[in-house]
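Here is how the chains run, residue by residue.
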Amino acid sequence: MTQLDELYRFVDSNLPDRLMDTTGADAWMDDIELIHAAKAMGLNEQGKNQRRIQVRRYNATLAWERWPYRQYDPDVLFSLVDVWLIEHSNEHYNKLELDPPAVFVQLMDDGNAIITITVPLADDIVLVEDENGVIPLQGKLYSVAPAQVSVATRGWIYGAGQAGAPVEVEGDAS
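Residues numbered from 1 in each chain as written. Predicted model: local features only at pLDDT ≥ 70, side-chain atom pairs only at ≥ 80, totals over all residues. Heavy atoms only, no water.

Asks: Before we go on, may I ask you to explain the overall build of the chain in this structure?
Replies: What the chain contains, in helices and strands, is four helices and eight strands. Reading the helices (α) and strands (β) of the chain from amino to carboxyl end gives α-α-β-β-α-α-β-β-β-β-β-β. A compact globule built from 174 residues would reach a C-alpha radius of gyration of about 16 Å, whereas the chain, at 21 Å, exceeds it by more than 25%. Seen through its C-alpha atoms, the chain measures out along the principal axes to roughly 75 × 40 × 30 Å. Every one of the 174 residues in the chain was classed for burial, and the buried ones make up 30%. Intrachain contacts of the chain at a sequence separation of at least 6 include 63% that bridge at least 24 residues. Averaged over its 13 positive side-chain charges, the chain has a centre that lies 7 Å from the centre of its 28 negative ones. (Helix = DSSP H or I, 4+ residues; strand = E, 2+ residues; numbered from the N terminus. Rg over C-alpha atoms; globule rule 2.2 N^0.38 Å. Buried < 20%, exposed > 50% of the residue type's maximum accessible area, 1.4 Å probe, protein only. Contact = heavy atoms within 4.5 Å. Lys, Arg positive; Asp, Glu negative; His and termini not counted. Charge placed at Lys NZ, Arg CZ, Asp CG, Glu CD.)

Rendered as structure tokens:
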């Protein structure tokens, strides 16, 4: 799932259904830029090698064709986008120093406006080893798949000497 999908789902889940159903809500990617950023990502849950091959940088556009601005304050939209960025954006948002969201509002009549929010985002494009894959790389076949990150919950820490100390994560490791 892309950051755009997650952002749209977050906004959708926090607004009344009627509002999303009747305002012509939509979302899409614009100005896609591919950044070569190869990185080994380890094994996925199925034990297959995965590797990031690129980062997709883009403008995520959220739009409403008929936002009832007199009935429902547009600041709710702006705040939902900002809250999502604070709590859910991936590491690329700060690492790539992406710009803050841009807003376009055009009044259509005395009660409705077109509102467009453009948010620069970035997602990893990850390849997973797959014998039925269509992407050949270094003698193996791969498929595009969402990255799966495994978090270690146990291990050993070694200092300068030979003796190690066990470490175990308690509670939620994520």
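Asks: Quick question: what am I supposed to make of the nonpolar core here?
Replies: As a rule of thumb, nonpolar side chains are buried together in soluble globular proteins. One finds V11, W64 and L121 to be the most contacted residues of the largest nonpolar core, which totals 29 residues. Of all the secondary structure elements, the ones that give two or more residues to this core are helix 1 (3-13), helix 2 (17-22), strand 2 (49-67), helix 3 (75-88) and strand 4 (113-129). (Core = buried A, V, L, I, M, F, W, Y, C linked by side-chain atoms within 4.5 Å.)

Asks: Help me understand the pattern of salt bridges, please; the structure alone is not making it clear to me.
Replies: Counting across every chain of the model gives five salt bridges. Put simply, D123 and R56 hold a salt bridge, and the shortest N to O gap is 3.3 Å. Residue D123 is found in strand 4, and its partner R56 is found in strand 2; the two are separated by 67 residues along the sequence. For the residue pair D123 and R56, the accessibility class agrees, reading buried in each case. Residue R66 pairs with E65 through a salt bridge whose shortest N-O separation is 3.2 Å. (Salt bridge = Lys/Arg side-chain N within 4 Å of Asp/Glu carboxyl O.)

Asks: Could you clarify how one ought to interpret helix 1 in this entry?
Replies: The periodicity of an α-helix, 3.6 residues per turn, causes residues three or four positions apart to be oriented the same way. Turning to helix 1, its buried residues are Q3, L4, L7, F10 and V11. For helix 1, the angular spread of the buried residues around the axis is 130 degrees, confining them to a single face. Among the exposed residues of helix 1, those oriented more than 90 degrees off its buried face are R9 and S13. In the core, the buried residues of helix 1 are packed alongside strand 1 (26-43), strand 2, helix 3 and strand 4. (Arc of directions from axis to C-beta.)

Asks: Sorry, what's going on with a nonpolar patch on the surface here?
Replies: Together, V103, V105 and L107 make up a nonpolar patch on the protein surface, roughly 260 Å² of accessible area in all. Here V105 shows up in strand 3 (residues 102-107). (Patch = residues over 30% accessible without salt bridge, like charges linked within 9 Å, V, L, I, M, F, W, Y side chains within 5 Å. Areas by Shrake-Rupley, 256 points an atom, 1.4 Å probe, with all protein chains shown as cover.)

Asks: What is the right way to read unusual backbone geometry from this model?
Replies: The phi angle of most residues is negative, glycine excepted, and most peptide bonds adopt the trans form. Positive phi outside glycine occurs at E97, with the angle close to 50 degrees. One can find E97 in the loop between helix 4 (92-95) and strand 3. In this structure E97 comes out as exposed when scored by relative accessible area, which is 66%. The backbone of Q138 shows a phi angle near 50 degrees, a positive value even though the residue is not glycine. Position of Q138 among the secondary structure elements: in the loop between strand 5 (135-137) and strand 6 (140-145). With relative accessibility at 65%, the residue Q138 sits in the exposed group.

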